[in-house]
Amino acid sequence: CDDRFNNEAVVSTQSTGMDHDCSAGESVWLECEEGSSDAEWQVIGAHLYSVDDAGEPYESGSAGVVIVNLEMSDGSQEAYGSLCDDRFNNHAANLACQYLGHEGAIRWGNVASNDEYMSRSDLERFEVDTVVDDMTCPETARNITDCSSDLMDHDCSAGESVWLECEEGSSDGEWQVVSAGLYRNVGDMEIEPSGSAGVVLIELAMTDDESRRAFGTLCDDRFNNHTAQLACQSLGYAGVTQWGNVGSMGEYISRSVLEELGLSTVVDEMTCPADATDMNSCDADLMDHDCSAGESVWLQCENDDDDDDEIDDDDEENYIDLEFGGVKLALNLGNVRERIHF
């Protein structure tokens, strides 16, 4: 009904619902502006939540109901909600716990069978709806980014929301950066090192279990000219000439390609003090971010030898093809630069 309806209400979801004094002639019509065809929902973070004795939700560490944060790839909308148990299994639970920084899953279930952390009525009271459904993780998947799911498209009730009890890893175990480089897209599902200019891609490993690895982008949150200078120097170059994010320039790897390849942020909030002379003095959040693919950093580094940017056909025998989480990497053993430590 058009009672009190105005331009602001076009983007509102609030109403009195099933209580009106309207005629059929007061029914509203809309002409909506279609969004970009390239924009789609993506996961930007997740946490485990429980309800305290006062009935208020709180982030509950290694056990609780999974609450997932989503964002449209163009930054136009955000959403949060639960993960449905459709197609969820033990392997997916292990990968989910590892994504959250834990060793693996001890057990899991839905709130209909166990309301210890949060009940179905709690979720309904907080208006927490399902945002992730049909999560499917192949047995070969090593990371949650290797899994597929339906975002903002579900047929689930609140009772199907997943809870996890995760096994906390060793107190000495933490994510660390083991390698980094600048990359460009060279074809369908294939990227390669790109010399002194490209999107920053970083590989992480757990200190107490190097088989647990992650590969992804560097977010531009708190990133600045000084940090860019140190990053280029750590990669073996004299300094930075220019930097930005793929949302403003997708020359090397576009936002849509990063999303298609499942390359999400693995390093966020990189902060380097003004007196820092190398990356060892910088801080960053590893595997904990609130970034979209469009915030991924690219660098153009100052290179004394311009030939380093071009791939020499004579060096083709030095290339090896690797696959990491479904992403094909053509690595030139002579050009790979690695070992940035925080």
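Keep in mind it's a predicted model, so treat the numbers as computed, not measured.

Asks: Outline a nonpolar patch on the surface, supporting the account with residue identities and numerical values.
Replies: A grouping of Phe5, Val28 and Leu30 is seen on the molecular surface, where their side chains present a nonpolar patch of about 240 Å² in accessible area. Examined against the element boundaries, Leu30 turns out to sit in the segment before β1 (41-51).

Asks: Run through the side chain of Asn114, naming residues and quoting values.
Replies: As for its position among the elements, Asn114 is in the loop between β5 (104-110) and α2 (120-125). A polar contact of 2.9 Å, which involves the side chain of Asn114, links it to the backbone nitrogen of Glu116. Asn114 has contacts with Arg107 and Trp163, leaving out every residue within four places of it along the chain.

Asks: Run through the pattern of salt bridges, naming residues and quoting values.
Replies: Inspection of every chain in the model, using the stated rule, returns seven salt bridges. Between Glu192 and Arg184 there is a salt bridge, and its shortest N-O distance comes to 2.7 Å. Given a relative accessible area of 9%, Glu192 falls into the buried group. Across the pair Arg222 and Glu269 runs a salt bridge, and its minimum N-O distance is 2.8 Å. With Arg222 in the loop between β12 (209-218) and α3 (225-234) and Glu269 in strand β14 (residues 265-271), the pair connects residues that are 47 residues apart, well separated along the chain. Each of Arg107, Glu116 and Glu165 takes part in one network of salt bridges that share partners.

Asks: Just give me the short version of the layout of surface pockets, but keep the residues and values in it.
Replies: Roughly 790 Å³ of internal volume is contained in the largest pocket. Looking at the largest pocket, it is lined by 36 residues, and the ones nearest its centre are Val43, Ile144, Thr145, Cys147 and Ser149. Every element with two or more residues in the lining of the largest pocket is listed here: β1, β3 (63-72), α1 (90-99), β6 (130-136), β7 (148-151) and α4 (255-261). Here the residues of the lining of the largest pocket are counted per class, giving 20 nonpolar, twelve polar and four charged.

Asks: Describe in detail unusual backbone geometry, supporting the description with residues and values.
Replies: Despite not being glycine, Arg4 has its phi angle at roughly 65°, a positive value. Relative to the helices and strands, Arg4 is located in the segment before β1. The backbone phi angle of Met152 is positive, close to 60°, even though this residue is not glycine. Its location among the elements puts Met152 in the loop between β7 and β8 (162-167). Take Met152: its relative accessible area is 38%, and that puts it in the partly exposed class.

What counts as what
- Residue indices follow the written sequence of each chain, beginning from 1 at its first position.
- In keeping with the model being predicted, local features are shown solely for residues with a pLDDT of at least 70 and side-chain atom pairs are shown and tallied solely at 80 or more, while totals for entire chains, interfaces and linings include all residues.
- Values shown for side chains rest on all heavy atoms present in the structure; no hydrogens or waters enter the calculation.
- Patch members must show over 30% relative accessible area and no salt bridge, and they are joined within 9 Å when carrying like charges or within 5 Å when they are nonpolar side chains of Val, Leu, Ile, Met, Phe, Trp or Tyr.
- Per-residue and other accessible areas were derived by the Shrake-Rupley procedure at a 1.4 Å probe size, with only the shown protein chains allowed to occlude residues.
- A pairing counts as a salt bridge when a side-chain nitrogen of Lys or Arg comes within 4 Å of a carboxyl oxygen of Asp or Glu.
- For the purposes of this entry, the term helix denotes a DSSP run of H or I that reaches at least four residues, the term strand denotes a run of E that reaches at least two, and both are numbered from the N terminus.
- Polar contact is defined as a pair of N or O atoms within 3.5 Å, subject to the rule that within protein one atom must be able to donate a hydrogen and the other to accept it, and that residues adjacent in sequence are counted only when both atoms are side-chain atoms.
- In what follows, residue pairs with any heavy atoms lying within 4.5 Å of each other are defined as contacts.
- When a residue's accessible area, from a 1.4 Å probe over protein chains only, is under 20% of the maximum for its type it is buried; when over 50% it is exposed; and in between it is partly exposed.
- Of the grid points, spaced at 1 Å and generated over the protein atoms alone, those admitting a 1.4 Å probe that cannot get out make up cavities, while open sets with protein on both sides within 12 Å along at least five of seven lines make up pockets; any residue with an atom within 4 Å of a point is treated as lining.
- Grid points are joined across faces, edges and corners, and a volume is the space filled by probe spheres set on the points.
- Side-chain classes are defined by residue name, with Ala, Val, Leu, Ile, Met, Phe, Trp, Tyr, Cys and Pro counting as nonpolar, Asp, Glu, Lys and Arg as charged, and the others, Gly among them, as polar.

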